Amino acid sequence: MTFCKKSLQPKDLFSITLDFIAENAENIHCLVGFPDIVGKRIFDRFIHLSDFAVLASKNQVKIISCFAMAYNKLILESVALSESLIMLNEFFDSFTILFKYVSEICLCSCYLGDNHEFFELIKDLYLLNKLCLKGNCLRDGAIRKLTLPIRMFDRGPKNIEYLDLSDNALTDAVTPWLATFKKLQCLDLSGSNISIESLQILEKECSLKLCNSENSMHPIITKGWATPLIHKWINVCKMRRESRNIKKRNLYFPKRRLLLVEESLSNTLNTRISRSPILVLKRMPSNVGNYIESDVPVNVTESLPTNTV
């Protein structure tokens, strides 16, 4: 009896208003000027109540754009999408909005390949500070696209300090392009085909030193109001795959993206990668006496085999 009374108690007017706005979020014109605390309450209710939260559609993009314009990085400050290619592709139009205000992105083992739409978006990621693209079937063309906006138009992610490109089939051709990132603190090229000469050029151009320690970049985690929304997207894609017995494909994103995935996987299988030792370049402090043992620079010619290509 007590339970029935509690369940029948009317909601307060503020909660009713929040629910109404969240359920009709596609009709919100602008939230600029609304206090953060109110905006977060509306966004949380939108995630919980609105069908548009999990339906990749124009309305979803419109709603997320409205919130992102008003609250910027509060919506999403950093994001980790390791091994989440299916979800990334299905909701990529929404991520196009969210990524603009993100400072840290991890896309490890997403098999992006050289032609994924992410590289077309890179020109708008001014705030990007950390980028992890480990194990993405990347070749030299991907690095050319990654740095093109900076080299040609002086725009894009010029302030990247931590860049992980390990376990990709990169060659010496990427050296002048990587030298574009003048603020690098750590560059991981482990598992690539970079030669001794190219490493020496990078050391000089970017003021880095090859170290005998592994990548010490702090793990990237998903932070921001959109964290539960992204988890919801992941669960939705997972349930769809299980219910339709889709193991490596997702039928819910454009066919072009599916073909790009297959192409990147095929290129990786057909590319012979001569795995190099740990190749982590770090910016060293000016005071040599402060080096810790694990970060002592090593001689490039001694750390790599002479037949590295």
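Residues numbered from 1 in each chain as written. Predicted model: local features only at pLDDT ≥ 70, side-chain atom pairs only at ≥ 80, totals over all residues. Heavy atoms only, no water.

**Digging into the side chain of Thr-222**
Working step 1: Residue position: Thr-222 is located in the loop between β6 (209–211) and α11 (227–244).
Working step 2: By relative accessible area, which is 17% here, Thr-222 ends up buried.
Working step 3: For Thr-222, the side chain forms a polar contact with the main-chain nitrogen of Ala-80, separated by 3.0 Å.
Working step 4: If near-sequence neighbours (up to four positions away) are discounted, Thr-222 is found in contact with Leu-76, Ser-78, Val-79, Ala-80, Thr-227 and Ile-230. (Helix = DSSP H or I, 4+ residues; strand = E, 2+ residues; numbered from the N terminus. Buried < 20%, exposed > 50% of the residue type's maximum accessible area, 1.4 Å probe, protein only. Polar contact = N/O pair within 3.5 Å; in protein donor to acceptor, adjacent residues only side chain to side chain. Contact = heavy atoms within 4.5 Å.)

**Thoughts on helix α8 (residues 140–153)**
Working step 1: When the terminal C-alpha atoms of α8 are compared, their 20 Å separation across 14 residues agrees well with the 20 Å that a helix rising 1.5 Å per residue should span.
Working step 2: By the burial criterion, the buried members of α8 are Asp-140, Ala-142, Ile-143, Leu-146, Thr-147, Pro-149 and Ile-150.
Working step 3: Of the surrounding secondary structure, the elements contacted by the buried residues of α8 are α7 (118–121), β3 (130–132) and α9 (175–178).
Working step 4: Just past α8, the residue Asp-154 takes up positive phi, approximately 55 degrees. (Expected span 1.5 Å × (residues − 1).)

**Concerning the sheet that holds β3**
Working step 1: If you walk across this open sheet you meet the seven strands as β1-β2-β3-β4-β5-β7-β6, and the pairing is mixed. If you trace the sheet from one side to the other, it starts and ends with β1 (78–80) and β6, each paired once. Here the average twist between neighbouring strands, direction ignored, is 15 degrees.
Working step 2: Sheet topology places strand β2 (residues 104–106) next to β3; three bridges connect them, and they run parallel. (Pairing = 2+ DSSP bridges. Axes fitted to C-alpha atoms, helices over the stretch in contact; angles between N-to-C directions.)

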